[in-house]
Structure formats: C-alpha cells, structure tokens
Amino acid sequence: MSEEKRFKYLEELERSEALDGSVDSSREGRRKRRDVADVRSSTRRSNRDEAVRRKSGDSSRSTGSRKNRENAYELNAKKKNRNSYEPDGSVRSVSVSEKRLRGGGYSPDDSYDREYFERRRSGRSSGRRDGRERVTDWDAFIEETDRIAAENSLREESESQRRKRKRDNRERRREREAAKRRNMIIRLTAVLLGLAVGLIVIRTVLHFALPGEGLNTNAGRTETEATVTQGTAETDGYDYYESQTETRADVTVVPTSSVVSIDSAEQLTTLFEDWVYVPSENDIMPEGDIIPTNDTFYSHDMMKRDLYFLRERYPESVTILRFGYTADGRDLLDVVIGNPSAQKDVIIQYSIHAREYVNSLLGMKQIEELLKGMNNGTQYNGVSYEDILQGVRLHLIPMLNPDGVMIALYGFDAIGNETLRNGLYECWQSDILLGKGDPDITAYYHRWKANARCVDINRNFDCGWETTVGTPQPSCSRYKGEAPASEAETKALVALKDAINCVGQIAYHSEGEVVYWDYGSIGDLHVTDEQLADVVCGLTGYKKESTLSSKQETAGCSDYFVIECGIPAITVETGVGECPIYVDQWETIWNQNSQVIPAVAQFFAQL
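Because the structure is a prediction, the values reported are computed rather than measured. (Residues numbered from 1 in each chain as written. Predicted model: local features only at pLDDT ≥ 70, side-chain atom pairs only at ≥ 80, totals over all residues. Heavy atoms only, no water.)

Draft legend 1. The arrangement of the overall build of the protein in detail. For the protein, the helix and strand inventory stands at 18 helices and 14 strands. Looking at the protein as a whole, 49% of its 607 residues qualify as buried. Once local pairs closer than 6 in sequence are excluded, the contacts in the protein between residues at least 24 apart make up 78%. (Helix = DSSP H or I, 4+ residues; strand = E, 2+ residues; numbered from the N terminus. Buried < 20%, exposed > 50% of the residue type's maximum accessible area, 1.4 Å probe, protein only. Contact = heavy atoms within 4.5 Å.)

Draft legend 2. Focus on the side chain of His 395. For His 395, the position within the fold is in strand E10 (residues 393–397). Take His 395: its relative accessible area is 4%, and that puts it in the buried class. A distance of 2.8 Å separates the side chain of His 395 from the side chain of Asp 334, its partner in a polar contact. Dropping the residues within four chain positions of it, His 395 is found in contact with Asp 334, Val 335, Val 336, Asp 345, Val 346, Ile 347, Ile 348, Leu 496 and Ile 500. (Polar contact = N/O pair within 3.5 Å; in protein donor to acceptor, adjacent residues only side chain to side chain.)

Draft legend 3. View of the packing of aromatic side chains. If you walk through the whole model with that rule in mind, you get 15 aromatic pairs. Arranged with centres 5.6 Å apart and planes meeting at 50°, the rings of Tyr 445 and Trp 448 form a pair that is tilted. Note on accessibility: Tyr 445 and Trp 448 belong to one class, buried. Three or more aromatic residues joined by ring pairs make a cluster, and in this case those are Phe 412, Tyr 425, Trp 428, Tyr 444, Tyr 445 and Trp 448. If you follow Lys 480 out to its NZ or CZ, it ends over the ring of Trp 465, 4.2 Å from the centre. (Phe/Tyr/Trp six-rings, centres within 6.5 Å; stacked < 30°, edge-to-face > 60°. Lys NZ or Arg CZ within 6 Å of the ring centre and 35° of its normal.)

Draft legend 4. Here's a closer look at the pairing of E10. Counting buried positions along E10 gives five out of five residues, so the element sits mostly inside the fold. Pairing geometry for strand E6 (residues 331–338) and E10, over four bridges, is antiparallel. Looking across to E10, one finds that Gly 338 is bridged to Arg 393. (Pairing = 2+ DSSP bridges.)

Draft legend 5. Inspection of the nonpolar core at higher detail. Membership of the largest hydrophobic core comes to 80 residues, with the highest contact counts inside it found for Leu 307, Leu 310, Ile 337, Leu 396, Trp 448 and Ile 570. Looking at this core, the element that brings in the most residues is helix H9 (residues 358–376), giving eight residues. Not counting residues up to four positions away in its chain, the partners in contact with Leu 310 are Ile 290, Ile 291, Val 318, Met 364, Ile 367, Glu 368 and Leu 371. Judged by nonpolar contacts, the second largest core, of 28 residues, contains Val 336, Cys 463, Cys 557 and Ile 567. (Core = buried A, V, L, I, M, F, W, Y, C linked by side-chain atoms within 4.5 Å.)

Draft legend 6. Focus on the pattern of salt bridges. Under the counting rule described, the total for this entry stands at 21 salt bridges. In this structure, the salt-bridge partner of Arg 163 is Glu 159, at a minimum N-O distance of 3.6 Å. You can see Arg 163 and its partner Glu 159 sitting in helix H6 (residues 138–209), four residues apart, about one turn around the helix. Here Arg 163 falls in the partly exposed class, since its relative accessible area comes to 40%. What makes Glu 159 partly exposed here is its relative accessible area of 29%. (Salt bridge = Lys/Arg side-chain N within 4 Å of Asp/Glu carboxyl O.)

Draft legend 7. Expanded view of H9. Between its terminal C-alpha atoms H9 stretches 27 Å, which fits the 27 Å expected from 19 residues at 1.5 Å a residue. In terms of residue burial, H9 counts as a mostly covered element, since 15 of its 19 residues are buried. Of the residues one or two after H9, Gly 377 is the one with positive phi, at around 80°. (Expected span 1.5 Å × (residues − 1).)

Draft legend 8. Region of the structure containing the sheet that holds E10. Pairing in this open sheet of eight strands is mixed, and the strands run E5-E6-E10-E7-E11-E14-E12-E13 from one edge to the other. In this open sheet, the two strands that pair with only one neighbour each are strand E5 (318–325) and strand E13 (543–546). Going across the sheet, the axis of each strand differs from the next one's by a mean of 20°, ignoring polarity. Inspection of the sheet shows strand E7 (residues 345–350) paired to E10 by five bridges, in the parallel sense. Within the sheet, the bridge partner assigned to Asp 345 lies in E10 and is Arg 393. (Axes fitted to C-alpha atoms, helices over the stretch in contact; angles between N-to-C directions.)

This is the structure:
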C-alpha cells in the first residue's frame, strides 16, 4: 500500500477508537489492541487457507494450517514480550469488520473483542461524534477512500462543467445583447435618416407654400458681419498669393431691401464712392501686361488687385467706383472709362453667372487693352480710342456676381457668412433629392451659376418675372428668387442704370458662340438692337439668333433693358462646350472679342 494511505488509515483508526470513551487510550491499551488485531488478522488468513484446503480435500495442508496457526500464536506472544516498550512501526490490523462482528466471527479467547462487540450492540459506540463512523476494517477503509475520491472527482468534473455552461451562457447572453444594440442602432439611424429626408421635403413644400420664407438670409436684419477671405492662386511667372495669412475685413452690409436704393440725388455721392484698395506687401505691379492670360481661373480677389494696378498705371484714364455690395460683403465695382462730360453711357457686364468666370478675365483684358490704346494712340476704324471715347462713357462691370464666382472656384467655403453657408449646403441637399446637380459636392459647386443666396441673378429682373418658370426652389441655377429684383446684385445694376444716361447694354455669357438679340422690341429700338447685334457678330463671327425665336426664358438682364427700359441690349455667348471654359479656348475667345469694346463705343458715340 502507499505510505499516504497507510498513514491516513492509522490516523483514522486512532480517531475512531478515541470516539469510544470506554476504550483504554493508554499505551498499554493501544499495544494490547494492536496484538489482538495481529492475532485476528493471522486467524482470518488461516481460516481462508483452511477453507481452500477443505475444498481441495487436502487434509495434510489442514494439519499444517493448524500448526501454522499455533506457531503464529507463539510468534505473536514472543513479539509481545519483545516489543512491549517499543512503538509499533508496522500497520496495525483492524480487529474485525463490523459485518463479521455482527455475525459473531471472533475468537473465543478475545475478551477485548467480546467487550467491543457488546458495546457496539448496546449502542455505546454506535453514535457519531463528528459526523463519521468508526474505522474498523482496512478493506472497508480503502473502499470508502476510493469511493470518496471518485465522488470528489465526479463533483469536481460536475462543477467544472457547470462553470463552463455558466461561461457559455454568459457569452451567449453578451452576444444577444450586442446583436440587440446593433439592431437598435440600425433602426435608430434609419429613423433619423427618414426624419431628415422628411424635414427637407417639408421645408421644400413650405418654401413654395410660403414664398417669403425662402433662403432670405438678410431679411429682418439691419447689419450683417461678413468676412472676405483673400484667395490664393499661382500661375507661371506670376504670384497671385494675396497674403501670408488670411486677410479678413469686417464689412457692414446694408439689408438687401435697400442695399442700393436711390431715393434722392444726395445718395449718389455715397453710393458711387471711389473704391479704395489697400495693397499687401505681395502686390507688386508687373513690368509688362498686368492681366495674365495663361489660366482662366480668375477670382474676385485677383480682379481687385489687377484693377488697383490698372488704376495706378493709368490714373488719368480710369475711375473705379463701388456701386454696391453682395450678400457676403464683396464689392460690386464699376470701371468707368471715357469722357466724364459725355452724355451717353453704355453698361457692359460680365459673369452674372458664376461658372462663366472666363468672361471676367476677358473683360479685364479688354479694359487693359482699351487703356493701353488710349495712351499710345491705338485706332479703330481709323479713329483713335481717345477720340472715340470723347462722346461716350463706358461702365464696365468685370464681375457682377463675385460671391457666385468664388463659390464656383473654391466651393461654399469661400463664403464667410455662416447663414449663407448653411443655405448653400441645404441647397445642395435639395437639388440632390430632386435629381438636379452632381451628388459630389465639389463637382456640384464647380458648376454653380447662382449667387450666394442660391438665386440666378439673370432670372431676377422685373421683366416677365411672374411668368418665368425656371426652378421653383433655391438651386444652383434658374431659381428666380422670392420677388423681382430681390437680390443685391440686381438692385445695384438697376440703380446704376437709373443714375446714368444709359443708351446701351451688353451682357457677356458662355457658351455657344452666339449673339442673342430681339427680345421683343419694336420700331426704332428694334432696328438699333439688330444693328448692334450685327456689329458684334461681324467682329466675333458668332451666329446672330433671335431670343423670341429660340424661346429663351425671360426675366433676364437684357430682357429688362430692352422691354422695360427701352434700351438696346444684346447677349454675347463666348466659347464652346460646358462651363467652366478652360484656358485651351482662351486664345480663340480673345481673338474673337479683342475689338468689341472700341467697336461698341464707336457705335453708340455715332448713334
């Protein structure tokens, strides 16, 4: 047997004997019980051997067994005398199993076993003092130990399986909860998207139901703070960088309802004041031509800097007036060239549509060449520019829609007013829902035509405005606004027309290489209008086309000048293909239009 089991059995046996108070626990008593146990163990072995021999019929072995038994008694007696004072180092045998005691299987000479058996039968030792029975048999002890070990093993295995099931259940519960959270987030996102779409649709419906509630970002305000960010660009050999840091100017914008309204003559001096420009340290006038033509990318900031250079170079020949502001606080500039005492004024405006900013570059180059020709004696039709401009005064507006041009060039980030920016973003969302415009926001603003308030200025004039369909909500193009002349740019141009003796108007657009005329005029006005169109077509080679025949929309700038004001007006469309027009067409456009300004000046001077 193993030492561990043997030691445990001996401890358990001593503990069991100690449970019975009548048992002698002295050393002599323990020694006596040990000797008796040895005798009983020898007797059991002899009895087993005797039973085997009886079955086999070997009587000699039976006699030998008795002799062996007698020898065992003698050996035990000698051992008893020899080891009476020595501790027992061997395993003590159990006296007899409880089962054999109940059956009376004990030696007649064993008085201790009889006394023990009587005590067991009388109940004196049958109780459990510590919840366990006495250990009386080695085989029973081994069996019980194995049983307990097996039970412990089963219990541990069961506990391990229980813990594993608990972990598995906890993991499955976490997975179910995570799946529930994901499903809840998906449903919530779908609901929010639905609500957003619904709000946009409701806003659009309300906008049409309540025309006064559109994107009127300036209504009810007396003052708006706008910031103008000086843009940056760079072309070959010419640095357009305005400043090392952003240059911001706080501009007080009068509400659009009265941005350029003229109620008395005294307001003219305030309205059309000289334009002031403060150059930066990077604004260095070039040696040769001021207007670069190696790129059609031309912003409002570039235009202002170049106008400053032109005025510095030709101070006696040009005057620059500010005749209004845009919704985002940008200057609307009128470049005046000609005799200040002339009785005839002609308006030539460019880039009323934002993405057509190639025409702003064209207008600036025409201005530079006109000023250069006035100072070096250049002639047209045998008459010098200086002499032609003695009888007429030109009002050239290189960029009538500067907010829109900046949007087309830089996106809606070019707009400083936060309310306007929000309106531009909502306009993009609305157009996308209606299937109009590019879903890519960068490409969408790249083809922008309207102003910063999402109004197409060339549909905002008071001429057939009520019957103009266009686009019924704020949009990148063809939205006519909440009312005729609701926009600052429209008001400013009308005010400029009213302040001068305007005898003619030319609007530069892109694209198609067409000159539109015949806006419904009759009589002498119709004749003059056609003659003006013929002059321009003869120089440019563009096709002359009737606006009435081509069924163009009304409420445009030229419509207003012809129908409402009785002033001859045409629209010139430069370039081919979709806007914006790129630099590969610049040389052609310039060759076609380089002589238009002196020709138009001569036409009206002789009229």
